[in-house]
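# Coordinate inspection notes
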Amino acid sequence: MKKLIFATNNAHKVSEFRSCFEQMGVEAEILTLKGVGFQGDIVEDADTFDGNAYIKAHTLCEFSGLISVADDSGLVVDALDGAPGVYSARYAGENATDPDNRNKLFKEMPINLTDSPLKLFSMVSIFSFIISLNTTLAFSELLNVFEIVSVKFLATKWMNGLA
């Protein structure tokens, strides 16, 4: 059975990822940061979701030598020129809570949320797959149109020895 690291200790994310692989009939042992003994902090200092996902996946591949998968996600609000973007988790400051971030977001919105029929934001999620230190596959999808096709394609290639 192949092993891969998913750059998280979030049990819910790992469960969803395992479920995706199971539904596709792919057998893989999915390890977490804790499961491979990674205890450091990974600084996500890129200015794009792709960049942050890559930093996490590359760091873990370098640490373990195993195939590594990482994600980065956040809100992209059209009315705020794409903010908060990669700063979604710390939009109201480094130690901000989710309610702090939401409050700042609502205060900065230039329109009345209850009256507008406009699509206000997109939730963006990026996955970066590091097969080896020389091979990176990145998938960016808007969650409202996300399909498992990209992950299925990768998993099939990987299991058939093509990646």
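Throughout what follows, the structure given in this document is the object of discussion. (Residues numbered from 1 in each chain as written. Predicted model: local features only at pLDDT ≥ 70, side-chain atom pairs only at ≥ 80, totals over all residues. Heavy atoms only, no water.)

Let us look at the overall build of the chain. Each helix and strand counted, the chain has four helices and five strands in total. Reading the chain from its N end, one meets helices and strands in the order β-α-β-α-β-α-β-β-α. Relative to its 163 residues, the chain shows a buried fraction of 37%. In the chain, 59% of the contacts between residues at least 6 apart in sequence involve partners at least 24 apart. For the chain, the accessible area works out to roughly 9,500 Å², and carbon and sulfur atoms hold 52% of it. (Helix = DSSP H or I, 4+ residues; strand = E, 2+ residues; numbered from the N terminus. Buried < 20%, exposed > 50% of the residue type's maximum accessible area, 1.4 Å probe, protein only. Contact = heavy atoms within 4.5 Å. Areas by Shrake-Rupley, 256 points an atom, 1.4 Å probe, with all protein chains shown as cover.)

Turning to the pairing of strand E2 (residues 28-31), a few remarks are in order. Of the pairings in the sheet, the one linking strand E1 (residues 2-6) to E2 comprises four bridges and is parallel in character. The residue bridging Lys3 from the neighbouring strand is Glu29, located in E2. Handedness of the crossover is the feature at issue here: the chain leaves E1, passes through helix H1 (residues 11-23), returns alongside E2, and the resulting connection is right-handed. (Pairing = 2+ DSSP bridges. Right-handed = clockwise from strand over helix to strand, strands pointing away.)

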